[in-house]
Structure formats: C-alpha cells, structure tokens
Amino acid sequence: TEHIGGDLSRLKFEVVQNPNGILFDPASVSSSLTSYIRNDHYSEKDVFQLGEIWNSWRHHSRFSSTNKETVIQNINSSQTHAHHFLKDADWLIITLGSSFSYRLQEGEIGRESLPNGGVANCHRAPAQWFQKHMLTIDETVAHLDNVIHQLFRFNTKLNIIFTISPVRHIRDGVVENNRSKARLLESVHHLVNKFDKLFYFPSYEIVIDILRDYRFYSEDMVHPNYLATEYVLEQFIKTFMSEKTNDIIKEIRKLNIARKHRSTHPHSKAHANFMISNLEKVKNLKEQHPFLNLEDEIKYFSNMD
C-alpha cells in the first residue's frame, strides 16, 4: 500500500494514503473508515503513554511522540483531511493484510478508550496485554459490509477496489498466515459479488502466483521488492486506467526521470538548455491538463542556479 500509494502520488493522482498509518486487519480498517466518515476527533483520553512515548491504540507508531499534544494534533489533522478527501473521492482502495486482530485486555493502559478492546497497533507492548484472535469469514464480512453501506451513503459517487496484501505475516506461522489470507480472500469476493461499485484487484495473486520467485522479495523474504511493486503497479494501471490516462502517465514519468538527473556540470549551457526544455514540457502538459498539480516541477526546472 505504501509503495503503490507513493507511486500514484508521484504520477500526480490526488491521493490520501493511510490516514491512520499502516493497518492490517478488517476490524481496524473498518473502524478507521467509520471514524473518517464521522470526522471523529481525539482528546487526551484517546492516547496513552508507554515508557516516554505517547501513542494511540488506533494508529500506527508514525503518530507516536514524546509530546502528547503533538500526537493529538497530528491525529486530528489527519482525521479532518481524510474526512473531506473521502467525501469527494472517486475511488477508495482497501488493502487487507491479515485476519488476525488484537484486543487489549481489561485493565490495561488505555483500555477505557476502546469500545470493544480492538487495537490497530500493539506498539511493542507486552504480549500478555492482548488477546489474539483470527477473525472468522462471517466477522470479516460483517465489519466490511457495515462500513461499505456507510461509505456509499456518505459519498454516493464512490467506487471501491479491494486488494489483499501479498506481504507474508510469517511471525503468525506459515500455515496460520495462509489461513488468514484465505479468509480475507473469501470475504472480499463475497462482498464484491454482493455490491455494485466494488472491484477486486489481484495484487496478492500476482505476487504469490505469477512472481513466485524470491528475487522479487526484499532481504527479509517477506516484503515484495521494487521489481515486484513496479510490476504490480503496471498491472493496476492496465486494469483500471484509460489509454488517455496512460498517455499522461508516460509524460509524467519522463519528467520524474528528468528531475532525478544530476548534472556533472550544473553551470554549463547544456544543463541550462536541459532545464529550459523540461520546463517547457511541464508548461505544455499543464496547459493540456489543467487539473494536474505540477507546481513542484515548475519550481524545480525554473531554478537555474
């Protein structure tokens, strides 16, 4: 999700990515989406301190900080942004990673702020604080079915793409990881068959069954590497994007490559011509497609120093 979302942003799609940080299980994903719809705001009672660090049980550790007010402010800013973006979005991509959910035991820090005890991130708290539970297919469908109805009432033009993350959760065990993924797959296909405006993109199958070689994985043998994510992105573009959009993507990619170019002689006439040429390309692209945000490119290629 982080790789593909970043790529789409670099290709100039308007993207809001993981407003709670990385989430894994359907219960956490559904809860976060509901919170964006309601534009929930967080206060001191919704965060807790573990050691020196303030955290939220509903958010990834990227929101954690030694400053409590910073945590709350960043969470609320992300919530508001997600609420307004989701209200007007054309597409929502929901990627599920694992059927395993974790519930904070009664009496542990911050439990009173969690209606059913479900946490999105354990923040390296002691394992005995949590009850680990593999969601059943019925539970997964119930969580997602409920939030889908809310989403379609909140934004009537919204379309939803479901994907299953190909990242293996090996710490759960190889057998348990496969059981977990199987439940996600069965649940998602049930929902796609039930609702209009729901689609499935097989990123899981592409990596596991087509790119079934460890040269497509990072050193940990768990996460898909650059080659794999690029291949998945290409298949995604072919599946969901028009020929016209593809043509625009090709031009943006050329500009992205040009921006990465580092001249050996930045004060040469050849480099100045290179910058001027690409600036003209950016301006032409902006003129043809005014909706593109190319301000960074205009600023970059305008800099002749």
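Everything that follows concerns the structure shown earlier in this document.
Just so it is clear, the model here is predicted, and its values are computed rather than measured.

Asks: Where do I start with the overall build of the protein in this structure?
Replies: In terms of helices and strands, the protein carries 10 helices and eight strands. Projecting the C-alpha coordinates of the protein onto the three principal axes gives extents of approximately 70 × 45 × 45 Å. Counting across all 305 residues of the protein, residues that qualify as buried make up 47%. For the protein, restricting intrachain contacts to residue pairs at least 6 apart in sequence, the fraction spanning at least 24 positions comes to 69%. For the protein, the accessible area works out to roughly 16900 Å², and carbon and sulfur atoms hold 51% of it. Of the side-chain charges in the protein, 36 are positive and 37 negative, and the distance between the mean point of each set is 3 Å.

Asks: Got a minute to help me understand helix α9 (residues 269-288) in this structure?
Replies: Residues spaced three or four apart along an α-helix point in a common direction, a consequence of the helix completing one turn every 3.6 residues. The first and last C-alpha atoms of α9 sit 29 Å apart over 20 residues, in line with the 28 Å expected at 1.5 Å per residue. For α9, the set of buried residues is H271, M275, N278, L279, V282 and L285. Projected down its long axis, α9 carries its buried residues within an arc of 125 degrees, all on one side. Residues K269, A270, E287 and Q288 are exposed on α9 and point more than 90 degrees away from its buried face. Tucked into the core, α9 has its buried residues touching α8 (243-260) and α10 (295-302).

Asks: How should I be thinking about the pattern of salt bridges in this particular structure?
Replies: Two side chains with opposite charge may pair up if their charged atoms get near one another. Taken as a whole and assessed by the stated rule, the structure comprises 16 salt bridges. In this structure, D7 engages R10 in a salt bridge whose closest nitrogen and oxygen atoms are separated by 2.8 Å. Of this pair, D7 and R10 are both found in helix α1 (residues 2-10), three residues apart, which corresponds to roughly one turn of the helix. We classify D7 as buried; its relative accessible area is 11%. On the basis of relative accessible area, R10 is assigned to the partly exposed category, the value being 49%.

Asks: How should I be thinking about the packing of aromatic side chains in this particular structure?
Replies: Any two aromatic rings considered together are summarised by their centre-to-centre distance and by the angle between their planes. This structure, assessed with the given rule, holds 11 aromatic pairs. Here a set of aromatic residues connected by ring pairs shows up, and it is made of W91, F199, F201, F236 and F240. A cation sits over an aromatic face here: K197 above F152, 4.6 Å from the ring centre. One Lys or Arg, R259, reaches over the ring of Y300 and ends 4.9 Å from the middle of that ring.

Asks: Quick question: what am I supposed to make of the sheet that holds strand β8 (residues 198-200) here?
Replies: What holds strands together in a sheet is hydrogen bonding between their backbones, with the strands either parallel or antiparallel. In spatial order, the strands read β3-β7-β8; together these three strands make up an open sheet with parallel pairing. Two strands close off the open sheet at either side, each with one partner strand: β3 (91-96) and β8. Averaged over all adjacent pairs, the angle separating strand axes in this sheet is 25 degrees, with direction ignored. One ladder, built from six bridges, connects β3 with strand β7 (residues 159-164); its direction is parallel.

Asks: I keep staring at the layout of surface pockets and nothing clicks. Help me out?
Replies: One number sums up the size of the second largest pocket: a volume of about 680 Å³. Along the walls of the second largest pocket sit 33 residues, with A27, S31, R58, P115 and N116 positioned nearest its centre. A per-element tally of the lining of the second largest pocket places helix α2 (residues 26-38) first, with eight residues.

Asks: Is there a simple way to explain the side chain of H271 in this structure?
Replies: With respect to the helices and strands, H271 occurs in helix α9. Overall, H271 belongs to the buried group, its relative accessible area being 15%. Apart from the residues lying within four places of it in its own chain, the contact partners of H271 are S263, H265 and P266.

Asks: Would you take a moment to explain the sheet that holds strand β5 (residues 118-119) for this structure?
Replies: With antiparallel pairing, the three strands of this open sheet are ordered in space as β5-β4-β6. What marks the edges here is a single partner per strand, and that holds for β5 and β6 (130-134). Relative to β5, strand β4 (residues 100-104) runs antiparallel, the two sharing two bridges. Note that in β5 the partner of R103 across the bridge is G118. Sheet strands touched by helix α5 (residues 174-194): β4 and β6. Its angle to β6, the strand with the most contacts, is close to 65 degrees.

Asks: Before we go on, may I ask you to explain the environment of F63 in this structure?
Replies: Relative to the helices and strands, F63 resides in the loop between β2 (53-55) and α3 (68-88). Sequence-wise, F63 and N20 are 43 residues apart; in three dimensions their C-alpha atoms are separated by 8.2 Å. F63 has contacts with P19, N20, G21, V71, N74, I75 and S78, leaving out every residue within four places of it along the chain.

Asks: When you look at the nonpolar core in this model, what are you seeing that I'm missing?
Replies: One recurring pattern in soluble globular proteins is that nonpolar side chains are buried together. Formed by 32 residues in total, the largest nonpolar core has its most connected members in L151, I160, F162 and L198. For this core, the secondary-structure elements that each account for two or more residues are α2, α3, β3, α4 (137-154), β7, α5 and β8. If one sorts the elements of this core by residue count, α4 sits on top with seven residues. Those residues in contact with F162 that lie beyond four places of it in its chain are I94, L144, I148, V188, L191, V192, L198, F199, Y200 and F201.

Procedures and definitions
- Residues numbered from 1 in each chain as written.
- Predicted model: local features only at pLDDT ≥ 70, side-chain atom pairs only at ≥ 80, totals over all residues.
- Heavy atoms only, no water.
- Helix = DSSP H or I, 4+ residues; strand = E, 2+ residues; numbered from the N terminus.
- Buried < 20%, exposed > 50% of the residue type's maximum accessible area, 1.4 Å probe, protein only.
- Contact = heavy atoms within 4.5 Å.
- Areas by Shrake-Rupley, 256 points an atom, 1.4 Å probe, with all protein chains shown as cover.
- Lys, Arg positive; Asp, Glu negative; His and termini not counted.
- Charge placed at Lys NZ, Arg CZ, Asp CG, Glu CD.
- Expected span 1.5 Å × (residues − 1).
- Arc of directions from axis to C-beta.
- Salt bridge = Lys/Arg side-chain N within 4 Å of Asp/Glu carboxyl O.
- Phe/Tyr/Trp six-rings, centres within 6.5 Å; stacked < 30°, edge-to-face > 60°.
- Lys NZ or Arg CZ within 6 Å of the ring centre and 35° of its normal.
- Pairing = 2+ DSSP bridges.
- Axes fitted to C-alpha atoms, helices over the stretch in contact; angles between N-to-C directions.
- 1 Å grid on protein atoms, 1.4 Å probe; cavity = no way out; pocket = protein on both sides within 12 Å on 5 of 7 lines; lining within 4 Å.
- Points joined across faces, edges and corners; volume = space filled by probe spheres on them.
- Core = buried A, V, L, I, M, F, W, Y, C linked by side-chain atoms within 4.5 Å.

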